[in-house]
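Understanding the architecture of this molecule
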Amino acid sequence: MISVNSISKKFGKQQVLHDFELRFEAGHSYAVMGPNGSGKTTLIKSILGMVLPDSGEILVDGQSIQGHTAYRQQIGYMPQIGRYPSNMKIGQLFSMMKDMRPEVKEYDLDLVNQFELEMIKDKAMGTLSGGTRQKVSAALAFLFQPKVLILDEPTAGLDPIAVEILKAKIQKERKEGKLILITSHILNDLEELTDQAIYLFEGEVFFNDSIESLKEITGEGRFSPAIAKLMQWTLKKKTSTKSLTHA
Ligand code: ADP
């Protein structure tokens, strides 16, 4: 459903994405991992049209996204840090977002209700704690029932109850056949919520296969040691050219 075809991106002299291919299919949930600076956010922003790759193309449902914005209506995006006008009240923010999508008649209010956002709708965004702001970002990402969910560190900053609510919601959407991309440093969450592992290293796709296959290839029965082994291999790769990419 989303194809990333040979995209490259440089910021100044720094090559941040090195000519890689990826495919994301509906009904699958992908863990996008890699050390800081490996290119995860640049990849996500490229898919969202917020970063323009220097070469290559991204297709959504077979159509190039370049010069188009309508495809974004299919994507719910939860940023790592949501930035909102500080004087705007929660209720006003939701009204504004709904006004921007007049064609949508039915909203997904699961998270609005479970996070009890209605009760605090008159609070200004600038006065909210980081966790409450995350709840708002999460509820907005799901609001328009998008086919694709891109969640950047979704559970970071949430209290344990909110984490469980959000994880249950992600699982529900996953069962309904949505395409889900999650970046996170919390490996337990990724193991629970995803079935495909993508590991970026220095702007290249170092691993791209199912979590089952990751465990097999690394000889580790559990996810966390399997990722640790991948990380060791990336460090060795710095001195050799061996890559495990299964593009
Ligand atoms: P990750 O999300 O894996 O931490 P990023 O995609 O944010 O990685 O960043 C990859 C590299 O690109 C980093 O070295 C970062 O400093 C650089 N970078 C990202 N965005 C910009 C930008 N707008 N201008 C200059 N450099 C950038």
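Cut-offs applied
Residues numbered from 1 in each chain as written. Predicted model: local features only at pLDDT ≥ 70, side-chain atom pairs only at ≥ 80, totals over all residues. Heavy atoms only, no water. UniProt positions renumbered as here; feature names shortened; annotations may be inferred. Helix = DSSP H or I, 4+ residues; strand = E, 2+ residues; numbered from the N terminus. 1 Å grid on protein atoms, 1.4 Å probe; cavity = no way out; pocket = protein on both sides within 12 Å on 5 of 7 lines; lining within 4 Å. Points joined across faces, edges and corners; volume = space filled by probe spheres on them. Nonpolar A, V, L, I, M, F, W, Y, C, P; charged D, E, K, R; others polar. Near = heavy atom within 4 Å. Polar contact = N/O pair within 3.5 Å; in protein donor to acceptor, adjacent residues only side chain to side chain.

In the numbering adopted here, UniProt assigns the feature "domain: ABC transporter" (unreviewed entry) to residues 2-227. Taken end to end, residues 2-227 is 33% helix and 27% strand, and its first and last C-alpha atoms sit 25 Å apart.

Take the layout of surface pockets next. Looking at the largest pocket, its volume works out to about 830 Å³. Lining of the largest pocket is provided by 28 residues; of these, Ile 75, Gly 76, Tyr 77, Pro 79 and Met 97 occupy positions nearest its centre. Elements that contribute at least two residues to the lining of the largest pocket include exactly helix H1 (40-48), strand E6 (75-78), helix H2 (90-100) and helix H4 (130-143). Class assignment for the residues of the lining of the largest pocket results in 16 nonpolar, seven polar and five charged.

This part takes up the site of the ligand. Contacts to the ligand come from Phe 11, Gln 14, Val 16, Pro 35, Asn 36, Gly 37, Ser 38, Gly 39, Lys 40, Thr 41 and Thr 42. The contact in question runs from an oxygen atom of the ligand to an N or O atom on the backbone of Gly 37, over 2.7 Å. Contact distances for the ligand include 2.8 Å between an oxygen atom and a side-chain N or O atom of Lys 40. Elements that contribute at least two residues to the shell around the ligand include exactly strand E2 (14-24) and H1. In terms of residues, the shell around the ligand owes the most to one element, H1, which gives three residues. Of the residues contributing to the shell around the ligand, the split by class is three nonpolar, seven polar and one charged.

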